[in-house]
Amino acid sequence: AQLRQQLPNLRLQMHCGGGNFKKQMKKADESGARFAFLICEDEVANQQVAIKSLQGEFEQVSLSQNEVAEWLKKYI
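Residues numbered from 1 in each chain as written. Predicted model: local features only at pLDDT ≥ 70, side-chain atom pairs only at ≥ 80, totals over all residues. Heavy atoms only, no water.

Chemist: It is not clear to me how the environment of Asp42 should be interpreted in this structure. Could you clarify?
Modeler: Note that Asp42 resides in helix H3 (residues 41-45). Taking the C-alpha atoms as reference points, Asp42 and Gln55, 13 residues apart in sequence, are found 24 Å from one another. (Helix = DSSP H or I, 4+ residues; strand = E, 2+ residues; numbered from the N terminus.)

Chemist: Help me out: how do you make sense of the sheet that holds strand S3 (residues 61-64) in this one?
Modeler: Sheet strands line up and pair through hydrogen bonds in the backbone, either parallel or antiparallel. With antiparallel pairing, the three strands of this open sheet are ordered in space as S1-S2-S3. Bordering the open sheet on either side are strand S1 (35-38) and S3, each of which pairs with just one other strand. With strand direction ignored, the average angle separating the axes of adjacent strands in the sheet is 30°. Sheet analysis places S1 next to strand S2 (residues 48-53), joined by four bridges and oriented antiparallel. Across the sheet, residue Ala36 finds its bridge partner in S2, namely Lys52. Sitting on the sheet, helix H4 (residues 68-75) touches S1, S2 and S3, and the angle it makes with S1 is about 170°. (Pairing = 2+ DSSP bridges. Axes fitted to C-alpha atoms, helices over the stretch in contact; angles between N-to-C directions. Contact = heavy atoms within 4.5 Å.)

The quantities given are spatial measurements derived from coordinates; they are silent on function.
Next comes the structure, spelled out in structure tokens:
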């Protein structure tokens, strides 16, 4: 919700569960998305988001939840 408020033109799709990690990543890749946001137990505990490039643009990065919108503005 926070990202949608900060970036109203962002197309964001959520997938919460349903299959193993590999299947979830395959589904994200097949959707045509550029990025996957990974929010696992460690990220929740540290208030972070891991961002994985699905098109090989960069290595996976971890950011605080407050930094994600600014980071996305650079890449979209």
